[in-house]
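# Residue-level structure breakdown
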Amino acid sequence: MAGRQLYLYSLLSFFCVGLLMVEMVSGTRGPFIGAHIGSQFSASGVNQTPMEDVSIQCRDVCGLNVSDRCPFIRTTPDCHSEGGYLNYLEGVFCYFPPDLLPLAVTLYAFWLLYLFLILGVTAAKFFCPNLSAISTVLKLSHNVAGVTFLAFGNGAPDIFSALVAFSDPRTAGLAFGALFGAGVLVTTVVAGGIAILRPFTAASRPFLRDIIFYMVAVFLTFTALYLGRVTLAWALGYLGLYVFYVITVVLCTWIYRWQRRRSLVYSMPGTPEMLSDSEEEPVSSNSYDYSEEYRPLLFYQETTAQILAHALNPLDYRKWRSKSVSWRALKVFKMPVEFLLLLTVPVVDPDKEDGNWKRPLNCLHLVTSPLVLVLTLQSGAYGVYEIGGLLPVWAVVVIAGTAMAAVTFFATSNSEPPRLHWLFAFLGFLTSALWINAAATEVVNILRTLGVVFRLSNTVLGLTLLAWGNSIGDAFSDFTLARQGYPRMAFSACFGGIILNLLVGVGLGCLLQISRSPMAEVK
């Protein structure tokens, strides 16, 4: 019965939010909301000068003759992207003949799917573990870590996609659409699926708390869309509301523990009203490390070369033999990404005795990680800058990193991690964040290109493709938690994650855009 009620709630919220979004896109209310919200952002962006011709839009290219499309793309300011490594619009209209346009769109679609795969792998295997290690180093409680570091790790693709979209006024509608679309998908399809997979009785107070905060966040966003601008105070209000949400979670947890200590003798444990916000039931460790059972009976000392080879190998051969064909096919696509990330992103695991210390690989990370940092900031613009006209920044980084790696290599051993090994968690966090940001930039540019080709608004693309792609990982994670017997934890994650995505995504994205603009608002 509880599962059916939750599923009916999910369907009801889906239709309500869907009707509101249709009303927004169709332009029935407000001076800001039009048939193409992305175009409205483009026409009144913060970087626009009063003399700019706002009548020329990049979407007009499809109405031109075939011979005029490439010059139009190269000369129209609205068709230029400020970030990213590839010019997808120029590739479609300048390098593919018109009769091969379906082939170009198909290739872009496959590349888009692969970028979503990169986002998921980076967030799950590199970004989140380092965030967990940082929370352990800082000795944060599970609740504080859950609503800050770990929640940010789970919502990293959504947040970084929103930050990238807000960095360009022409794609700000894409950010709003993606955040709303992900919220609708997670609170309906994912939440309803959890209730069907594992019916449960919801913890009323945490559930009501999350619903209230999410409704307030949605109301603030609708108000901003209606007014047609986001001011500095409004952006700070988004971030302040999330800080207040974190404080509320901490206080609720403290009150719960205090009540539990008082009533432990008089009440039965595990009643619905006394469930913890953080689901304090111990998580099974059966899936923690699949290869634990394959440890050799006789211990032997690996050489430095063997440690490096094993650390860079993304494939577990024993696990490969026991998995299905579909898992193997997906693993083949993941392996190049995982190898590149293993080579450039250090991962600290506090649950392991050695903290995942791999001496040769970690020393190599002191060279590769800073190199990734300078080659991904502003799409490599900082990395190729020449210092004094002599050496580029990337060469200086390689020289300094090599010297630091040499000192670390000769000052440490293979068997025991150094005292400052925990610093690699911060390096891995920063490097993985920039990898995610680089992939998210390409995702936004591809979606904008598809919007130009099919004459779709950025909001529609955000509500559909971007929202679905960024929410796939959350959906699988939540369904897995539900199957393992933790439906309340998965159900709470549905709402806690989208609160973070909406408040931090809009608040921080608009704040960064305001900081780069002479105006104190984003229109």
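Source: prediction; values computed, not measured.

### Examining the side chain of Thr 248
Its place among the elements puts Thr 248 in helix α11 (residues 232-263). A relative accessible area of 16% means that Thr 248 is categorised as buried.

### Points about a nonpolar patch on the surface
A grouping of Val 137, Leu 138, Leu 140, Leu 420, Trp 422, Leu 423 and Phe 426 is seen on the molecular surface, where their side chains present a nonpolar patch of about 570 Å² in accessible area. With respect to the helices and strands, the residue Leu 420 is situated in the loop between α16 (393-411) and α17 (423-454). Here Leu 420 falls in the exposed class, since its relative accessible area comes to 52%.

### What about the state of the cysteines?
With the rule as written, the count across this model stands at two disulfides. Between the sulfur atoms of Cys 70 and its disulfide partner Cys 94 the distance amounts to 2.1 Å. The sign of the S-S torsion, about 105°, decides the handedness of the disulfide formed by Cys 70 and Cys 94: right-handed. Placement of the pair is Cys 70 in helix α3 (residues 66-75) and Cys 94 in helix α4 (residues 88-95), with a sequence separation of 24 residues. Among the residues examined, Cys 70 registers a relative accessible area of 15% and is labelled buried. The connectivity of the disulfides in the protein is 1-3, 2-4, where the numbers refer to bonded cysteines in sequence order.

### A short note on the pattern of salt bridges
Side chains that differ in sign of charge can pair as their charged atoms come close. Per the counting criterion, the structure on display carries four salt bridges. Between Glu 338 and Lys 125 there is a salt bridge; the shortest N-O distance is 2.7 Å. With Glu 338 in helix α14 (residues 325-344) and Lys 125 in helix α5 (residues 101-137), this residue pair connects regions lying 213 residues apart in the sequence. Among the ionic pairs, Glu 338 bridges to Lys 331, the shortest N-O distance being 2.8 Å. Neither Glu 338 nor Lys 331 differs from the other in exposure class; each is buried. Members of the salt-bridge network, linked through shared partners, are Lys 125, Lys 331 and Glu 338.

### Quick look at the nonpolar core
Of all hydrophobic cores here, the largest spans 99 residues; its most connected members are Phe 93, Phe 166, Ile 194, Val 443, Leu 447 and Val 506. Residue contributions to this core peak at 14 residues, all from α5. When sequence neighbours within four positions are dropped, the list of residues in contact with Leu 447 reads Leu 112, Leu 174, Leu 461, Leu 465 and Leu 466. Ranked by size, the runner-up nonpolar core spans 11 residues in total, among them Val 348, Cys 363, Leu 366 and Val 367.

### Examining the packing of helix α8 (residues 156-166) against α17
Where α8 meets α17, the axes come as close as 8 Å, and the angle between the chain directions of the two elements is 60°. In terms of orientation, α8 and α17 fall into the oblique class. By crossing handedness, the relation of α8 to α17 is classed as right-handed. Residues Ala 156, Pro 157, Phe 160, Ser 161, Val 164 and Ala 165 of α8 pack against Ala 433, Ile 436, Asn 437, Ala 440, Thr 441 and Val 444 of α17. Taken together, the residues that form the contact of α8 with α17 break down as nine nonpolar, three polar and no charged.

### Notes on the packing of aromatic side chains
Enumeration over the complete set of coordinates arrives at 13 aromatic pairs. Measuring from ring centre to ring centre gives 5.7 Å for Phe 213 and Phe 244, while their planes differ by 45°; the resulting arrangement is tilted. Taken together, the positions of Phe 213 in helix α10 (residues 204-227) and Phe 244 in helix α11 put the pair 31 residues apart, joining distant regions of the chain. A ring pair is formed by Tyr 242 and Tyr 245, whose centres lie 6.1 Å apart and whose planes are at 35°; its orientation type is tilted. Of the two residues, Tyr 242 and Tyr 245 both sit in helix α11, three residues apart, roughly one turn of that helix. The exposure class of Tyr 242 is buried, given its relative accessible area of 9%.

### A few points about α8
Within α8, 11 of the 11 residues are buried, which leaves the element mostly enclosed by the surrounding structure. Among all positions in α8, only Ala 156, Pro 157, Asp 158, Ile 159, Phe 160, Ser 161, Ala 162, Leu 163, Val 164, Ala 165 and Phe 166 are buried.

### Structural notes on the side chain of His 365
Along the chain, His 365 falls in helix α15 (residues 359-376). A residue is classified by how much of its surface remains accessible, and His 365, at 2% relative accessible area, is buried. Leave out the neighbours within four places in its chain, and His 365 touches Leu 342, Leu 343, Thr 344, Val 345, Pro 346, Pro 370 and Leu 427.

Parameters and conventions
- Residues numbered from 1 in each chain as written.
- Predicted model: local features only at pLDDT ≥ 70, side-chain atom pairs only at ≥ 80, totals over all residues.
- Heavy atoms only, no water.
- Helix = DSSP H or I, 4+ residues; strand = E, 2+ residues; numbered from the N terminus.
- Buried < 20%, exposed > 50% of the residue type's maximum accessible area, 1.4 Å probe, protein only.
- Patch = residues over 30% accessible without salt bridge, like charges linked within 9 Å, V, L, I, M, F, W, Y side chains within 5 Å.
- Areas by Shrake-Rupley, 256 points an atom, 1.4 Å probe, with all protein chains shown as cover.
- Salt bridge = Lys/Arg side-chain N within 4 Å of Asp/Glu carboxyl O.
- Disulfide = S-S within 2.5 Å.
- Core = buried A, V, L, I, M, F, W, Y, C linked by side-chain atoms within 4.5 Å.
- Contact = heavy atoms within 4.5 Å.
- Axes fitted to C-alpha atoms, helices over the stretch in contact; angles between N-to-C directions.
- Parallel < 35°, antiparallel > 145°, perpendicular 65-115°, else oblique.
- Left-handed = near helix turned anticlockwise from the far one by under 90°.
- Nonpolar A, V, L, I, M, F, W, Y, C, P; charged D, E, K, R; others polar.
- Phe/Tyr/Trp six-rings, centres within 6.5 Å; stacked < 30°, edge-to-face > 60°.

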